[in-house]
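Remarks on the overall topology
In case you want the letters, here they are:
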Amino acid sequence: MKIGVLGTGYVGLVTGTCFAEHGNEVTCVDIDKSKVEQMNKGKVPIYEPGLEEMFLKNIKAGRLSFTDNLAQGVKDADVIFLALPTPPGEDGSADLSYILKAASDLAPLIDNYTVIVDKSTVPVGTADKVRDAIQKGTKKDFDVVSNPEFLKEGFAIDDFMHPDRIVIGADTTKALDVMRKLYEEFIVDRTQFIEMDIRSAEMTKYAANSFLAAKISFINEIANLCEQVGADIDSVREGMGSDSRIGHKFLYPGIGYGGSCFPKDVQALVKTADDNGVDLSILKSVERANYRQKTIILKKIKDYFGNISGKKIAVWGLAFKPNTDDIREAPALEIISALLEQGAVISAYDPEAIENSKKHFSDDDSITFTNDKYEALSGVDALVIATEWSEFHTADLTKLKDLAVFDGRNIFNPKNVQNNFKYYTSIGRP
Ligand code: NAD
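Notes on the structure in this doc start here. The structure displayed is predicted, hence computed values, not measured ones. (Residues numbered from 1 in each chain as written. Predicted model: local features only at pLDDT ≥ 70, side-chain atom pairs only at ≥ 80, totals over all residues. Heavy atoms only, no water.)

Quick word on the site of the ligand
Our working definition: Residues are labelled near a given molecule or strand when at least one of their non-hydrogen atoms is within 4 Å of it. Definition of a polar contact: a pair of N or O atoms within 3.5 Å, with one able to donate and the other able to accept a hydrogen when the atoms are protein atoms, and with sequence-neighbouring residues admitted only if both atoms are side-chain atoms. In this description, accessible areas are obtained by the Shrake-Rupley approach with a 1.4 Å probe, and a residue is regarded as covered only by the protein chains that are shown. Under the scheme applied here, ten amino acids are nonpolar (Ala, Val, Leu, Ile, Met, Phe, Trp, Tyr, Cys and Pro), four are charged (Asp, Glu, Lys and Arg), and all others, including Gly, are polar.
The ligand sits among 25 residues. The nearest are D30, K35, T86, E153 and K264. The side chain of K35 places a nitrogen or oxygen atom 2.6 Å from an oxygen atom of the ligand. A distance of 2.7 Å separates a nitrogen atom of the ligand from a polar atom in the side chain of E153. Within the complex, the protein chains bury 89% of what would otherwise be the 840 Å² of accessible surface of the ligand. Partitioned by chemical class, the residues of the shell around the ligand number ten nonpolar, seven polar and eight charged.

Structure, rendered in structure tokens:
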């Protein structure tokens, strides 16, 4: 099929590349000219394992191209994906301006029957708004479909190529047939192709992300309690997770969830509920719990040092999770900002997220970045571990021996390190 993808971020670029991999002719459109220029030179603008190889292969095969010209990007397209940002607005609701602007811009460009797909995470009722916006500008035949994306940054290619489920919300058989054909190649043993009405598909994405956020906050709060009563969260989560109704995934305590999805999606769902007179009290508590969790390490650092001013602190891990360069809403950023505010001097290391972090802290002289994790430790009093990159698990412990280590991701086993470091603390373990 001929496919247009609007937006070449973590979702759009992976979507476009994976559809090209299965033989479709894909044009990706982005308003960011420098990004388009970069991609046309064969450079992937984000870090995502496995993406570069597939991206280059499909460009070479002539199935994947990039443009900042919308008309060129969607010419003769059978399907157009909207993989655009839906950031939180001031009141917490999802800002639909990118989506609705793109829908209006697309309207006069539709020629033959086209399926417009909402791939972005959008609140219930958005497909109706997209349809209205397009209808205002064209008399041509089109359908709007909801196809929320469930990929995880860091595993995006595998998630997209071998999905657990493909959720399609459609209200015509014509559109559904197009989506079935498009995804035919992606159906593997474990994949469920789940068809439903559009509003339920839109809601499914928010419900799924909010449930995962709640699971994280739940185990974080249990970990905090373990610490106070002398229990060990590692044993507790092992015992809990062995119940197949609960499962082991997402039962790892830490310093809170971040990223471009969970915080904004929980917030947007709470707002949708409020607007509709439904009190999502559990999710309101999840938001509060996550906010508090991000300050846990700070409290521990303060308790240890008393006064943080002038202390030299290394931070390992800046990305909101491992295997990505994405720092949006990363707990590390909030911790670093608070430490800087209190007069600490920071040296920070991350395997992939340094460039993005440099931009984020460009106004602050009290933070430096190193390209080596051990270099970040030079002359520091303490180390904070904020992201669980696998290379931290295998760190040379002798290089940390004179430090106070605040392990926000339970990287080390307390039994192995208690006597090696000057001080060691983690989340929910004795
Ligand atoms: P992103 O910020 O990484 O990328 C968005 C891209 O859209 C940017 O390159 C931007 O320049 C471009 N853009 C903005 N307006 C445009 C326009 N009018 N035409 C063409 N391009 C335009 O965003 P993302 O992380 O890929 O997320 C996109 C959507 O997918 C969001 O709704 C998000 O909630 C959802 N989602 C994200 C993930 C994830 O892991 N990042 C997973 C599932 C769903």
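Side note on the pattern of salt bridges
Put simply, the rule reads: Each reported salt bridge corresponds to a side-chain nitrogen of Lys or Arg within 4 Å of a carboxyl oxygen of Asp or Glu. Only protein chains enter the accessibility calculation, which uses a 1.4 Å probe; a residue whose area is less than 20% of its type maximum is buried, one above 50% is exposed, and one in between is partly exposed.
Taken as a whole and assessed by the stated rule, the structure comprises 34 salt bridges. Here D243 ties to R245 by a salt bridge, and the two come within 2.8 Å at their closest N and O atoms. With relative accessibility at 23%, the residue D243 sits in the partly exposed group. A residue is classified by how much of its surface remains accessible, and R245, at 74% relative accessible area, is exposed. For R328, the salt bridge is made with D326, and the minimal N-O distance between the two is 3.1 Å. We classify D326 as buried; its relative accessible area is 2%. The structure contains a network of salt bridges with shared partners spanning D128, R131, D171 and R199.

So, the sheet that holds strand β11 (residues 367-369)
We count it as follows: Strands are treated as partners if at least two bridges between them are detected by DSSP. Going along the chain from the N terminus, every DSSP run of H or I of four or more residues is numbered as a helix, and every run of E of two or more is numbered as a strand. The angle between two axes is taken between their N-to-C directions and runs from 0 to 180 degrees, where each axis is a line fitted to C-alpha atoms and a helix contributes only its stretch in contact. By definition in these notes, contact holds between two residues if any of their heavy atoms fall within 4.5 Å.
If you walk across this open sheet you meet the six strands as β11-β10-β9-β12-β13-β14, and the pairing is parallel. Whereas interior strands pair on both sides, the edge strands pair on one side only; in this sheet they are β11 and β14 (423-425). Here the strands of the sheet are splayed against their neighbours by 20° on average, with no regard to which way each runs. As paired strands, strand β9 (residues 312-316) and strand β12 (residues 382-385) are joined by four bridges and run parallel to one another. Of the residues in β12, the one forming a bridge with V315 is V384. Contacts between helix α13 (residues 296-305) and the sheet are confined to β9, β12, β13 (404-407) and β14, with β13 contributing the most and set at about 160° to the helix. Sheet strands touched by helix α14 (residues 331-341): β9, β10 (345-349) and β11. Its angle to β10, the strand with the most contacts, is close to 160°.

A closer look at the side chain of N410
Positionally, N410 belongs in the loop between β13 and α17 (414-417). Accessibility expressed as a relative area gives 14% for N410, which makes it buried. Only 2.8 Å separates the side chain of N410 from the backbone nitrogen of I427, close enough to count as a polar contact. If sequence neighbours within four positions are ignored, N410 has contacts with I233, D234, P253, S426, I427 and R429.

Overview of empty space enclosed by the protein
Applied cut-off: Only protein atoms enter the 1 Å grid used here. Points where a 1.4 Å probe fits but cannot escape make up a cavity, open sets with protein on both sides within 12 Å along at least five of seven lines make up a pocket, and a residue lines them when an atom lies within 4 Å of a point. Grid points are joined across faces, edges and corners, and a volume is the space filled by probe spheres set on the points.
This structure, assessed with the given rule, holds two cavities of 30 Å³ or more. The calculated volume of the largest cavity comes to roughly 40 Å³. Along its surface, the largest cavity is lined by P123, V124, M203, Y206, A268, L269 and T272. Taken together, the elements giving at least two residues each to the lining of the largest cavity come down to α9 (198-229) and α11 (262-275). Per-element accounting of the lining of the largest cavity gives the leading share, three residues, to α11. Its residues assigned to classes, the lining of the largest cavity comprises six nonpolar, one polar and no charged. As for the second largest cavity, its lining consists of D118, S120, T121, V122, S146, P148, A201, E202 and K205.

Some details on the pairing of strand β7 (residues 165-169)
Quick reminder of the rule: Looking down the strands as they point away from the viewer, one classifies a crossover as right-handed if the path from the first strand across the helix to the second runs clockwise.
The element β7 is extensively covered by neighbouring structure, given that four of its five residues are classed as buried. Two elements, β7 and strand β8 (residues 192-196), share five bridges in a ladder whose sense is parallel. Paired with G169 across the two strands is M196, which belongs to β8. Traced from β7 through helix α8 (residues 173-183) to β8, the parallel crossover comes out right-handed.

Looking at the layout of surface pockets
Its volume calculated, the second largest pocket comes out at about 250 Å³. Surrounding the second largest pocket, 13 residues form its lining, F211, A214, K215, S217 and F218 being those nearest its centre. Among the secondary structure elements, those contributing two or more residues to the lining of the second largest pocket are α9 and α12 (281-293). The greatest single-element share of the lining of the second largest pocket, amounting to six residues, is contributed by α9. Partitioning the lining of the second largest pocket into residue classes produces nine nonpolar, two polar and two charged.

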